[in-house]
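Structural features, examined
This is what each chain is made of:
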Amino acid sequence: MGTFEIAKRFRFEAAHRIGGLPKGHPCGRVHGHSYQVEVRLAAERLTAPGFVTDFGELAPLGKYLQATFDHQLLNDVLDVEPTSENLAVHLACWFLDNLQPGLPGRLVAVRVAETATSWAEYRVEP
Ligand SMILES: Nc1nc2c(c(=O)[nH]1)N=C([C@H](O)[C@H](O)COP(=O)(O)OP(=O)(O)OP(=O)(O)O)CN2
Ligand SMILES: [Zn+2]
């Protein structure tokens, strides 16, 4: 049998600078992005009326993103370098701790896009 998968996308605006880059690298300077965060959930069986998880039940992640990251300097918020990869794993951990208990579907991946041409993804082990 197959697996159902759903995705929900959120966005926030924030600034960051990435430390440890070679001198002159543009991402070492403070700059901003319109971040897009996509979570994907999977299930082998649907719950009534035919959902992996009600998209509406994912709204707390949007609230967390707005409250914690929107219009912030990410270096002030995260205790690691604010790369897309580090943000993706941070958000996966937050989701697993705060939202996963009680949801019928299971988180399979968190994708973070800083620009229209680049993204990083953290996949949760089954
Ligand atoms: N693996 C990663 N590489 C880079 C990250 C990252 O989070 N993970 N981040 C950056 C910078 O934040 C940069 O702002 C985004 O990188 P990039 O896609 O290179 O941005 P550009 O606007 O220059 O993209 P173009 O499409 O090439 O114009 C750097 N690397
Ligand atoms: Zn950047």
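- For the chain, the name recorded in an unreviewed UniProt entry is 6-carboxy-5,6,7,8-tetrahydropterin synthase, with Spongiactinospora rosea as its organism.

**Things to note about the site of ligand 1**
- Surveying the vicinity of ligand 1 reveals the residues H16, I18, C27, H31, H33, T83, S84, E85, E114, T115, T117 and S118.
- In this structure, an oxygen atom belonging to ligand 1 sits 3.0 Å away from a side-chain N or O atom of H31.
- Within the backbone of S84, one N or O atom sits 2.7 Å away from an oxygen atom of ligand 1.
- Contact with the protein chains covers 50% of the free accessible surface of ligand 1, which is 620 Å².
- Elements with a contribution of two residues or more to the shell around ligand 1: β2 (31-43), α3 (84-98) and β3 (106-115).
- In terms of residue class, the shell around ligand 1 is built from 2 nonpolar, 8 polar and 2 charged.

**Quick notes on the UniProt feature "active site" (unreviewed entry) in the chain**
- UniProt annotation of "active site" (unreviewed entry) refers to C27, H71 and E114 when read in the numbering used here.
- Within the secondary structure, C27 sits in the loop between β1 (4-16) and β2.
- Mapped onto the elements of the fold, H71 is located in the loop between α1 (59-68) and α2 (74-77).
- Owing to a relative accessible area of 63%, H71 belongs among the exposed residues under this scheme.
- Leaving out residues up to four positions away in the same chain, H71 has contacts with E13 and A14.

**What to know about the packing of α1 against α3**
- At a minimum axis distance of 11 Å, the contact between α1 and α3 shows a crossing angle of 130°. In terms of their interaxial angle, α1 and α3 are classed as oblique. For the pair α1 and α3, the sense of crossing is right-handed. For the pair formed by α1 and α3, the contact residues are P60, L61, Y64 and L65 on the first element and H90, L91, W94 and F95 on the second.
- Tallied by class, the residues present in the contact of α1 with α3 amount to 7 nonpolar, 1 polar and no charged.

What counts, and at which threshold
Residues numbered from 1 in each chain as written. Chains lettered and ligands numbered in written order. Predicted model: local features only at pLDDT ≥ 70, side-chain atom pairs only at ≥ 80, totals over all residues. Heavy atoms only, no water. Near = heavy atom within 4 Å. Polar contact = N/O pair within 3.5 Å; in protein donor to acceptor, adjacent residues only side chain to side chain. Areas by Shrake-Rupley, 256 points an atom, 1.4 Å probe, with all protein chains shown as cover. Helix = DSSP H or I, 4+ residues; strand = E, 2+ residues; numbered from the N terminus. Nonpolar A, V, L, I, M, F, W, Y, C, P; charged D, E, K, R; others polar. UniProt positions renumbered as here; feature names shortened; annotations may be inferred. Buried < 20%, exposed > 50% of the residue type's maximum accessible area, 1.4 Å probe, protein only. Contact = heavy atoms within 4.5 Å. Axes fitted to C-alpha atoms, helices over the stretch in contact; angles between N-to-C directions. Parallel < 35°, antiparallel > 145°, perpendicular 65-115°, else oblique. Left-handed = near helix turned anticlockwise from the far one by under 90°.

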